[in-house]
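Coordinate inspection notes
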Amino acid sequence: MQATSTSTVEPLALPEGVQGIVADWSSDQRAFKKVPWGKAMMWIFLLSDTFIFSAFLISYMTVRMSTTDPWPNPSEVFALTLFGKHIPLILIAIMTFVLISSSGTMAMAVKFGYEKNKKITFILLLITAALGAPFVGMQAFEWSKLIEEGVRPWGNPMGAAQFGSSFFMITGFHGTHVSIGVIFLIIVAIKVLRGDLDHQRPGFLTGRKGNYEMVEIMGLYWHFVDLVWVFIFAFFYLW
């Protein structure tokens, strides 16, 4: 009677201790199942940013519901007079339309990027940046208008003093994200046009040779910024 032998595949042994941690996390094959490090790190960054924006918005809602002073009406505070008519939230509506539209061009840039269509990807990235820049400009105009009306982070002549601190903190933090995004969009667009992603030239934001995952990583950041603005628009301007 012959004994039947069964073959078992032993799991890959990893070193122990600190060396094991280094060996595990230095390989995206083991840690993230073939997910590129750049994309994984962007998701981790966006997760941490989600906590920060959530803390800001929760703090804003808590302050607004607990303050005893009257809260300024956003429809009046952020209204503009055009052609002799008082139009509420017109500037905010334009800002929202511009920023949400940029998400569409960013998604198309990712699509054409993976098709390795450098010219179209370059154009779409620049259009996305061109839509983000006016958003920052309109936000700067909004800031200057409220500052001229006496709104400060520590005071507000139109009602609750917390209005100024909430407004400048939330919109300023988001505007900083948009400004940084516009700069990085231009950098990535130039690299796409020069062929840096095709040849993996040494430098900033290049990525793996022949892979346009850097465009997708930039898209993750930009879509996040757009999504956060939807919540800011809903909680701060419509409430």
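Note that the coordinates shown come from a computational prediction; the quantities given were computed from them, not determined experimentally. (Residues numbered from 1 in each chain as written. Predicted model: local features only at pLDDT ≥ 70, side-chain atom pairs only at ≥ 80, totals over all residues. Heavy atoms only, no water.)

On to the overall build of the protein chain, then. When helices and strands are tallied, the protein chain shows nine helices and two strands. For the protein chain, the succession of helices and strands along the chain, N to C, is α-α-α-α-β-β-α-α-α-α-α. Taken across its 239 residues, the protein chain has 41% of its residues classed as buried. If you take every contact in the protein chain between residues at least 6 apart in sequence, the share linking residues at least 24 apart comes to 65%. (Helix = DSSP H or I, 4+ residues; strand = E, 2+ residues; numbered from the N terminus. Buried < 20%, exposed > 50% of the residue type's maximum accessible area, 1.4 Å probe, protein only. Contact = heavy atoms within 4.5 Å.)

Inspection of the secondary structure assignment puts Gly150 in the loop between α6 (118-148) and α7 (162-194). In this structure the C-alpha to C-alpha distance between Gly150 and Gly164, which are 14 residues apart in sequence, comes to 9.5 Å. Ignoring sequence-local partners within four residues, the contact set of Gly150 consists of Gly155 and Pro157.

What describes a pair of aromatic rings is the distance from one ring centre to the other and the angle between the planes of the rings. Going through the model one piece at a time under the given rule, you end up with 23 aromatic pairs. When the ring centre of Trp239 is taken as origin, the NZ or CZ atom of Arg64, which lies over that ring, is 4.7 Å away. It is Lys111 that lies over the ring of Phe112; its NZ or CZ is 4.4 Å from the centre. (Phe/Tyr/Trp six-rings, centres within 6.5 Å; stacked < 30°, edge-to-face > 60°. Lys NZ or Arg CZ within 6 Å of the ring centre and 35° of its normal.)

What follows covers the nonpolar core. In terms of nonpolar packing, the biggest core is built from 55 residues, with Phe78, Leu125, Val215, Trp229, Ile232, Phe236 and Tyr237 touching the most fellow members. Looking at this core, the elements that each hand over two or more residues are α3 (37-66), α5 (90-114), α6, α7 and α9 (213-237). For this core, the leading source of residues is α9, giving 15 residues. Once residues lying within four places of it in the same chain are set aside, the contact partners of Trp229 are Ile92, Met95, Thr96, Leu99, Phe135, Gln139, His174 and Tyr237. (Core = buried A, V, L, I, M, F, W, Y, C linked by side-chain atoms within 4.5 Å.)

Looking now at the packing of α7 against α9. Closest axis-to-axis distance for the α7/α9 pair is 10 Å, and the angle between their directions is 160 degrees. Classified by the angle their axes make, α7 and α9 are roughly antiparallel. α7 and α9 meet at a crossing whose hand is left-handed. Class assignment of the residues belonging to the contact of α7 with α9 gives a composition of 21 nonpolar, five polar and no charged. (Axes fitted to C-alpha atoms, helices over the stretch in contact; angles between N-to-C directions. Parallel < 35°, antiparallel > 145°, perpendicular 65-115°, else oblique. Left-handed = near helix turned anticlockwise from the far one by under 90°. Nonpolar A, V, L, I, M, F, W, Y, C, P; charged D, E, K, R; others polar.)

What follows concerns a nonpolar patch on the surface. Taken together, the side chains of Ile100, Leu227, Val230 and Phe231 define a hydrophobic patch exposed on the protein surface, amounting to about 340 Å² of accessible area. The element that contributes the greatest number of residues to the nonpolar patch is α9, accounting for three residues. Examined against the element boundaries, Leu227 turns out to sit in helix α9. (Patch = residues over 30% accessible without salt bridge, like charges linked within 9 Å, V, L, I, M, F, W, Y side chains within 5 Å. Areas by Shrake-Rupley, 256 points an atom, 1.4 Å probe, with all protein chains shown as cover. Salt bridge = Lys/Arg side-chain N within 4 Å of Asp/Glu carboxyl O.)

In this model, α7 (33 residues) spans 48 Å end to end at C-alpha, consistent with the 48 Å of a helix rising 1.5 Å per residue. Gly195 sits one or two positions beyond α7 and adopts a positive phi of about 85 degrees. (Expected span 1.5 Å × (residues − 1).)

Each α-helix winds once per 3.6 residues, and so residues spaced three or four apart point in a common direction. Between its first and last C-alpha atoms α5 spans 37 Å; for 25 residues at 1.5 Å apiece the expected length is 36 Å, and the two agree. Positive phi appears at Lys116, one or two residues downstream of α5, with a value of about 60 degrees.

Any two packed helices are characterised by how steeply their axes cross, that is the angle between the axes, and by the distance between the axes. Where α3 meets α7, the axes come as close as 10 Å, and the angle between the chain directions of the two elements is 160 degrees. The angle between α3 and α7 places the two elements in the roughly antiparallel class. Considering how the two elements wind past one another, α3 and α7 form a crossing that is left-handed. Along the contact surface, α3 presents Asp49, Ile52, Phe53, Phe56, Leu57, Tyr60 and Val63, while α7 presents Gln162, Ser166, Met169, Ile170, Phe173, His174 and His177. Broken down by class, the residue content of the contact of α3 with α7 amounts to nine nonpolar, four polar and one charged.

With that settled, consider unusual backbone geometry. One non-glycine residue, Leu89, lies in positive phi territory at about 60 degrees. Position of Leu89 relative to the elements: it lies in the loop between β2 (85-87) and α5. Of note in this structure, Lys116 is not a glycine but carries a positive phi near 60 degrees. Along the chain, Lys116 falls in the loop between α5 and α6. Looking at Lys116, the relative accessible area reads 45%, which means it is partly exposed.

These results come straight from atomic positions and should not be treated as a statement about function.
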